[in-house]
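Reading the structure
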Amino acid sequence: MRKFILSFAIFLFAGNVFAAELDNKSCVGEVTEYKGILKIFKEKDFRGSIVTDNNTKLFSGYALKTGRKSEAKIVLIDKTGIILTEKSSLTFPQYNKIIADNGTVLFKVTKRDEVQGFTVQTKTATIGVKGTQFAVAVDNESVKVFCKEGSVGVKSLKGEFKRYVKKELDEYNQFLKDQFQDYTQYKKELKEEFVKYVKEFDMKPNMAVVISDSNEVKNIDFPENISELFEELNKF
């Protein structure tokens, strides 16, 4: 009987400690819908556990990871919507700061003011927004950023970006063809002239860039699958 009472007391104490730890954490949002395999990682939990219910609460310090052919929809406490596509992972330091660790993630961010801006951190850049729809795709070689609506500010985490400006490059290319007979000798100067070294830059609607691990930034087109995901994002 003594052993039972002692074990029960230890159980109650452990439960109270766990509850106290949750109280000290901030709820950042919840998983509202998922399909396939979704794992949740709590602080200092390297193995993770399988999510079995919608409306699973997310607290600061938690992380999510989807498996193959899996997807999760997340709503933050300010109603910002997130789609986590297959084989992707996110970490939630706090509700207005997300770390995109791997894979493709779409965001529908509610309007924010200057103080409560929303940021997404990747391995090469921090993306700041105040109200927009955008996506981030992270793989072993690069980070791709797709701005669908609103505006996105992209800031380098280390050093400066080597930013290629394609539109201006094409205009200058034509100018040289019109002005100089021997165009070949100006190719090197042309390339150097239209590479900008910047710490940060802004993105406008329907603009997409790829950032290499060496900090080179080039404009790219919107792939069809990303456009389809944005249509899905608008549904919730």
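For the structure, see preceding data.
Quick look at the structure, then. (Residues numbered from 1 in each chain as written. Predicted model: local features only at pLDDT ≥ 70, side-chain atom pairs only at ≥ 80, totals over all residues. Heavy atoms only, no water.)

Quick word on the overall build of the protein chain
Summing up its helical and strand segments, the protein chain has 4 helices and 19 strands in all. A burial count over the protein chain gives 38% of its 236 residues as buried. Surface summary for the protein chain: the accessible area is close to 14,300 Å², and the carbon and sulfur share equals 51%. (Helix = DSSP H or I, 4+ residues; strand = E, 2+ residues; numbered from the N terminus. Buried < 20%, exposed > 50% of the residue type's maximum accessible area, 1.4 Å probe, protein only. Areas by Shrake-Rupley, 256 points an atom, 1.4 Å probe, with all protein chains shown as cover.)

A closer look at the pairing of strand 10 (residues 118-121)
What you see with strand 10 is a clean split: Phe118 and Val120 sit on the buried side and Thr119 and Gln121 on the side with no burial. In terms of strand pairing, strand 9 (residues 97-109) meets strand 10 through 3 bridges, oriented parallel. From the neighbouring strand, Lys97 faces strand 10, where its bridge partner is Thr119. Inspection of the sheet shows strand 10 paired to strand 11 (residues 125-129) by 4 bridges, in the antiparallel sense. (Pairing = 2+ DSSP bridges.)

As for the pairing of strand 1 (residues 27-35)
With 4 bridges connecting them, strand 1 and strand 4 (residues 56-59) associate as antiparallel partners. The partner of Gly29 across the bridge, within strand 4, is Leu58. Summarising the sheet, strand 1 and strand 6 (residues 71-76) pair through 6 bridges and their orientation is antiparallel. Residue pairing for strand 6: Glu33 is matched across the bridge by Lys73.

Details of the pattern of salt bridges
Here the structure, examined in full by the defined rule, presents 5 salt bridges. The salt bridge involving Glu30 is made with Lys57; its shortest N-O contact spans 3.1 Å. With a gap of 27 residues between them, Glu30 in strand 1 and Lys57 in strand 4 connect regions that are remote in the sequence. The buried category is assigned to Glu30, whose relative accessible area is 18%. Exposure remark for Lys57: the relative accessible area of 45% places this residue in the partly exposed category. In this structure, Asp213 engages Lys123 in a salt bridge whose closest nitrogen and oxygen atoms are separated by 3.1 Å. Of this pair, Asp213 sits in the loop between strand 18 (207-212) and strand 19 (216-220) while Lys123 sits in the loop between strand 10 and strand 11; the two residues are 90 residues apart in sequence, bridging distant segments of the chain. (Salt bridge = Lys/Arg side-chain N within 4 Å of Asp/Glu carboxyl O.)

Overview of the side chain of Ser156
By the secondary structure assignment, Ser156 is in strand 14 (residues 152-156). Assessed through its relative accessible area of 4%, Ser156 is described here as buried. Separated by 2.9 Å, the side chain of Ser156 and the backbone oxygen of Lys158 make a polar contact. Reaching out from Ser156, the side chain makes a polar contact with the backbone oxygen of Gly159 at a distance of 3.0 Å. Leave out the neighbours within four places in its chain, and Ser156 touches Thr124, Ala125, Phe161, Lys199 and Asn215. (Polar contact = N/O pair within 3.5 Å; in protein donor to acceptor, adjacent residues only side chain to side chain. Contact = heavy atoms within 4.5 Å.)

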